[in-house]
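This is what each chain is made of:
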Amino acid sequence: MCGFDEQYGTLPPFLVGDSDNGATGYTGSRSAGLYLKEAADRCGKPIYLELSSVNPVFILPGALQERLESVADADLHPGQEEVVVATIKGSQYPDEEVVGVAHLCHPAPGANDNASGSGALLEVVRTITGLIKSKKIDRPKRTMRFLWVPETLGMTAYLSQHEELKGRLLAGVNLDMVGEDQEKCGSTLTLERTPDSVPSFLNDLMESLLEGQHRVFDPHSKHGWAGTFRTHVAQYGGGSDYAEFCESTFGVPCVGFVQWPDKYYHTSMDTIENVSEDSLERIGWIAAVGLLTVADADRWTALNMGNESHTRGMERRAAVGRESSARLLGLISKGTRPEEFSDAVD
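## Observations concerning helix 9 (residues 277-295)
Spanning 19 residues, helix 9 covers 27 Å between terminal C-alpha atoms, matching the ideal 27 Å at 1.5 Å per step. Within helix 9, the full set of buried residues consists of Ser279, Arg282, Ile283, Gly284, Ile286, Ala287, Ala288, Gly290, Leu291, Leu292, Val294 and Ala295. The N-capping residue of helix 9, defined by a side-chain oxygen 3.2 Å from the backbone nitrogen of Asp278, is Ser276.

This is how it looks when you write it as structure tokens:
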């Protein structure tokens with residue numbers, strides 16, 4: 001098989017398995033990505049996929065034939081990534097740390113992706129530092145570390161060069177595409193939890209703050225909070241720099257915030273006109289309060305966060321039970337055979 005794969009509009013699978021190709025990266029449609037993954041699995045080669053992107057990459061047949069050698073030819077050599085680091089040293093436990101992260105990169109940086117995350121994190125640092133200097137709050141007990149990194153590769157390089165952080169870091173918050181004007185971009189502020197392999201109180205703490213921001217920023221009426229700002233809690237997706245912290249090689253709980261979807265994602269229309277001051281204020285408050293809560297936690301804070309995790313965990317169990325029961329009863333009502341119940345039970 002050679003040339004352009006017309007069925008899926010993507011690279012032909014033979015390139016994935018080429019002996020000179022160590023790994024493959026692909027951004028584009030989900031169907032084409034899974035098609036390439038099958039080819040990679042068959043030959044035992046690693047593949048990195050960014051699926052369902054709004055800006056899929058196509059290589060035309062003529063260009064592929066002309067540049068095939070340059071596409072497959074690569075080498076490894078030393079390089080350098082610039083990482084900006086700021087710290088607020090803890091007053092009692094300086095060797096214990098919390099971390100805030102935002103990425104700086106992209107060949108053509110966008111206003112929301114990720115000037116919004118980088119700017120919001122910078123404002124979090126400025127605000128906390130100002131509160132400490134004005135003596136409106138005490139210096140937190142634990143050190144607060146803030147990182148602005150080239151996305152993924154920069155984060156990976158930094159952590160690999162600072163393995164001592166694995167024993168110091170307690171929790172982290174990543175800000176990536178957080179400033180969207182929700183009405184213009186069609187976005188929802190989403191909290192992505194840590195994976196089940198890295199369970200943490202952090203998930204429920206940040207979820208409570210995601211809910212609590214309505215009480216700070218929205219008007220209240222007799223019917224409840226009157227705001228239209230959209231929020232969502234999602235399972236771990238691994239699509240930004242919180243992933244490197246949560247991987248088994250590091251194992252530090254880190255959640256991610258993102259406004260998703262964004263109709264202007266990775267396009268030239270990711271401009272300042274599509275950034276919302278209101279969105280930035282909300283995520284700045286959530287990140288600052290969350291990081292400060294962990295950095296300055298005492299035994300009473302720990303008990304409170306434990307109670308938060310317990311009660312929210314029970315609510316999740318109840319919700320799963322309701323959904324499973326409804327699905328099982330639906331199958332029974334349709335005359336489904338008992339041997340087909342396994343999927344619903346699982």
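Let's pick the thread back up.
## Thoughts on the state of the cysteines
One pass over the structure, following the stated rule, counts 0 disulfides. For Cys246, which is in no disulfide, the shortest distance to another cysteine sulfur is to Cys254 and amounts to 5.8 Å. A residue is classified by how much of its surface remains accessible, and Cys246, at 3% relative accessible area, is buried.

## A word on the packing of aromatic side chains
For the structure shown, the criterion picks out 4 aromatic pairs. With 6.4 Å between their ring centres and 85 degrees between their planes, Phe217 and Trp285 make a pair best called edge-to-face. You can see Phe217 sitting in helix 7 (residues 202-217) and its partner Trp285 sitting in helix 9, a full 68 residues away along the chain. Judged by relative accessible area, which is 26%, Phe217 ranks as partly exposed. Between Phe245 and Phe250, the aromatic rings sit 6.1 Å apart at their centres with planes inclined by 85 degrees, giving edge-to-face as the arrangement. Judged by relative accessible area, Phe245 falls into the buried class, the value being 0%. Here Arg282 stacks its cationic end above the ring of Phe229, 4.4 Å away from the centre of that ring.

## Quick word on the packing of helix 7 against helix 10 (residues 299-333)
Running from N to C, helix 7 and helix 10 point in directions that differ by 80 degrees, and their axes come no closer than 9 Å. As summarised for this structure, helix 7 and helix 10 are arranged roughly perpendicular, according to the angle between their axes. Where helix 7 abuts helix 10, its residues Asp204, Leu205, Glu207, Ser208 and Glu211 lie against Met305, Glu308, Ser309, Arg312 and Arg316. Of the residues assigned to the contact of helix 7 with helix 10, the class counts are 2 nonpolar, 2 polar and 6 charged.

## What about the sheet that holds strand 4 (residues 93-103)?
Taken together, 7 strands build an open sheet; the order of strands is 3-5-4-6-11-7-10 and the sheet is mixed. Unpaired on one side and paired on the other, strand 3 (84-88) and strand 10 (231-234) mark the two borders of the sheet. This sheet shows a mean twist of 20 degrees between the axes of neighbouring strands, independent of strand direction. Judged from the 8 bridges that link them, strand 4 and strand 5 (residues 142-149) form a sheet pairing that is parallel.

## Points about the pattern of salt bridges
This model, assessed by the stated rule, comprises 16 salt bridges. In this structure, the salt-bridge partner of Glu97 is Arg168, at a minimum N-O distance of 2.7 Å. Placement of Glu97 in strand 4 and of Arg168 in the loop between helix 5 (153-161) and strand 6 (169-175) is noted, with a sequence separation of 71 residues between them. Judged by relative accessible area, which is 0%, Glu97 ranks as buried. Given a relative accessible area of 23%, Arg168 falls into the partly exposed group. When salt bridges with common partners are traced through the structure, they connect Arg193, Asp204, Glu207, Glu211, Glu308, Arg312 and Arg316 into a single cluster.

## Points about the environment of Gly33
Take Gly33: it is sitting in helix 2 (residues 30-43). Owing to a relative accessible area of 0%, Gly33 belongs among the buried residues under this scheme.

## As for unusual backbone geometry
Cis geometry is found at the peptide bond from Asp113 to Asn114, where omega equals 5 degrees. Residue position: Asn114 is located in the loop between strand 4 and helix 4 (115-133). In this structure, Met177 takes a positive phi of about 60 degrees despite not being glycine. Topologically, Met177 is positioned in the loop between strand 6 and helix 6 (182-185). Of the residues examined, Met177 reaches a relative accessible area of 4% and is grouped as buried. Phi angles above zero are rare outside glycine, and His266 is one such case at about 55 degrees.

What counts and what doesn't
- Residues numbered from 1 in each chain as written.
- Predicted model: local features only at pLDDT ≥ 70, side-chain atom pairs only at ≥ 80, totals over all residues.
- Heavy atoms only, no water.
- Helix = DSSP H or I, 4+ residues; strand = E, 2+ residues; numbered from the N terminus.
- Expected span 1.5 Å × (residues − 1).
- Buried < 20%, exposed > 50% of the residue type's maximum accessible area, 1.4 Å probe, protein only.
- Polar contact = N/O pair within 3.5 Å; in protein donor to acceptor, adjacent residues only side chain to side chain.
- Disulfide = S-S within 2.5 Å.
- Phe/Tyr/Trp six-rings, centres within 6.5 Å; stacked < 30°, edge-to-face > 60°.
- Lys NZ or Arg CZ within 6 Å of the ring centre and 35° of its normal.
- Axes fitted to C-alpha atoms, helices over the stretch in contact; angles between N-to-C directions.
- Parallel < 35°, antiparallel > 145°, perpendicular 65-115°, else oblique.
- Contact = heavy atoms within 4.5 Å.
- Nonpolar A, V, L, I, M, F, W, Y, C, P; charged D, E, K, R; others polar.
- Pairing = 2+ DSSP bridges.
- Salt bridge = Lys/Arg side-chain N within 4 Å of Asp/Glu carboxyl O.

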